[in-house]
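Single-letter residue listing:
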Amino acid sequence: MPSFDCPPACPFTVGRDAALDFPVGQVRRVALGPEGGGDVDETKRNVLKLAAVAGLLGIGAGGAVAGAIQYLQPPAIGLSAYPKVLLLDLDGSPLTTTNVLKEYNVTTNSLYIFNYPLRNEPNFLLNLYPPPGTGPPSPTNPGAMNVPGGVGEYGSIVAFSAICQHLGCPAPAIAYYPPGTCSQTFNGGKLPFYIHCSCHGSTYDVTNSASNLTGPAVLPLPQVVLVTDDQNNIYATSLNGPPVNGHLNSLQGDYGVGSTSQLVSENPVHLCSFPT
Ligand code: FES
């Protein structure tokens, strides 16, 4: 596998953020109940539940093991099948391929995130086609078209899980890197844009179903299956690939998003290289 590195002059290099230091084995995930709520550290919550089970019930070793197994399972909420969900633009209007091609492109720095199929399963929406008016992709005009699963006029609009397949760091710690960010030293410059996780350095190829390029992750990011209607509205219909990290399957672990899911914009955290 190629190494991932970036010159100190990388325009997106920032100081190391202590908030990105995720201990091995700890997956921080947002889980909201039906009444709403705040961020939940699932690891800590499960440990507290186990302590409560052992202390309050005072059960024997066999029972404690059974309790531990019970409480280590994800919440018994979820969906029985993938829903067809209409994606909404930042302003709440239906998201169309026309708008995406006009407003977002392969050089867009902001992250556009939507949850699907559960409320705690964020995904990147990416348009890999070059900016309007610059022509098709070429060596001097980075971009891609007709990529696997791509929709829109150029087959360039794709969506991938925004939760890293290594230990579950979510966006913006895992982020899309547009052309020119760090391309000169990565894989001989052959991969000018990609998704990279700043937590421990995993990198994914957005032109090839988010296949894994650098470890420690060994699995691709799940890809959202997108479809369009005759109005060019974009829908999410299912996920391809492995389960979303931290879920036994991508349909279990929280409530569904409903019939629509709206994009939100986030600022990426681009570290370029993972400090040792
Ligand atoms: S969580 Fe470790 S590389 Fe992303």
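Parameters at a glance
Residues numbered from 1 in each chain as written. Predicted model: local features only at pLDDT ≥ 70, side-chain atom pairs only at ≥ 80, totals over all residues. Helix = DSSP H or I, 4+ residues; strand = E, 2+ residues; numbered from the N terminus. Buried ≥ 20, exposed ≤ 12 C-beta atoms within 10 Å, placed from the backbone. Contact = placed C-beta atoms within 7 Å. Pairing = 2+ DSSP bridges. Axes fitted to C-alpha atoms, helices over the stretch in contact; angles between N-to-C directions. Core = buried A, V, L, I, M, F, W, Y, C linked by C-beta atoms within 7 Å. pLDDT = per-residue confidence, 0-100.

**A look at the overall build of the chain**
Next, step 1: When you go through the chain residue by residue, the secondary structure sums to 3 helices and 12 strands.
Next, step 2: Counting all 276 residues of the chain, 39% fall into the buried class.
Next, step 3: Of the contacts made within the chain by residues no fewer than 6 positions apart, 65% connect residues no fewer than 24 positions apart.

**Side note on the sheet that holds strand β5 (residues 174-177)**
Next, step 1: Pairing is antiparallel across the open sheet formed by 4 strands, whose spatial order is β5-β6-β7-β8. Looking at the sheet topology across the chains shown, the edges are occupied by β5 and β8 (211-214). If you compare each strand with its neighbour and ignore which way they point, the axes differ by 30° on average.
Next, step 2: Pairing of strand β7 (residues 203-205) with β8, which is carried by 3 bridges, proceeds in the antiparallel orientation. Following the sheet pairing, Asp-205 is matched in β8 by Ser-211.

**Some details on the nonpolar core**
Next, step 1: Counting residues in hydrophobic clusters, the biggest one holds 57 residues, and the most contacted among them are Phe-124, Ala-159, Ile-174, Ile-195 and Val-206.
Next, step 2: Elements represented by at least two residues in this core include exactly β1 (85-88), β2 (111-115), β3 (122-127), β4 (157-161), β5, β6 (194-197), β9 (223-228) and β10 (234-240).
Next, step 3: With residues up to four places along the chain from it excluded, the contact list for Phe-124 reads Leu-111, Tyr-112, Ile-113, Ala-159, Phe-160, Ala-162, Ala-171, Tyr-176 and Ile-195.

**Comments concerning the pairing of β10**
Next, step 1: Pairing geometry for β1 and β10, over 2 bridges, is antiparallel. Bridging from a neighbouring strand, Leu-86 pairs with Tyr-235 of β10.
Next, step 2: The pairing of β9 with β10 spans 6 bridges and is classified as antiparallel. Bridge pairing in β10 places Gln-223 opposite Asn-240.
Next, step 3: Here β9 hands over to β10 after 5 residues, with Asn-232 in that stretch at a positive phi of 65°.

**A closer look at unusual backbone geometry**
Next, step 1: Going from Tyr-116 to Pro-117, the amide bond is cis rather than trans, its omega being -15°.
Next, step 2: Residue Pro-172 is reached from Ala-171 by a cis peptide bond, and omega for that bond is 10°.
Next, step 3: Tracing the chain through its elements places Pro-172 in the loop between β4 and β5.
Next, step 4: For Ser-209, which is not glycine, the phi torsion reads 55° and is therefore positive.
Next, step 5: Looking at the secondary structure, you find Ser-209 in the loop between β7 and β8.

**Section: the environment of Ala-144**
Next, step 1: Tracing the sequence through the fold places Ala-144 in the loop between β3 and β4.
Next, step 2: Residue classification places Ala-144 among the buried positions, given that 24 C-beta atoms sit within 10 Å.
Next, step 3: Residues Ala-144 and Tyr-129 lie 15 residues apart in sequence; the distance between their C-alpha atoms is 5.5 Å.
Next, step 4: With residues up to four places along the chain from it excluded, the contact list for Ala-144 reads Leu-128, Pro-137, Ser-156 and Thr-207.

**Focus: the confidence of the model for the chain**
Atom-level detail of predicted coordinates should not be read off regions where pLDDT is low.
Next, step 1: Mean pLDDT for the chain: 76, with 67% of residues reaching 70 or above.
Next, step 2: For the stretch residues 7-71, pLDDT sits under 50, and the model shows 59 contacts to residues farther than four places along the chain or on other chains.

**Points about the environment of Gly-133**
Next, step 1: Locating Gly-133 in the fold gives a position in the loop between β3 and β4.
Next, step 2: Judged by local crowding, Gly-133 falls into the exposed class, with 5 C-beta atoms found within 10 Å.
Next, step 3: Distance from Gly-133 to Lys-102, taken between C-alpha atoms, is 9.9 Å for residues 31 residues apart in sequence.

**Things to note about the environment of Tyr-104**
Next, step 1: Relative to the assigned elements, Tyr-104 resides in the loop between α3 (97-103) and β2.
Next, step 2: Accessibility expressed as a C-beta count within 10 Å gives 21 for Tyr-104, which makes it buried.
Next, step 3: Placed 25 residues apart in sequence, Tyr-104 and Tyr-129 show a C-alpha to C-alpha distance of 8.8 Å.
Next, step 4: In this structure, Tyr-104 is in contact with Tyr-112 and Asn-127, ignoring residues within four places of it in sequence.

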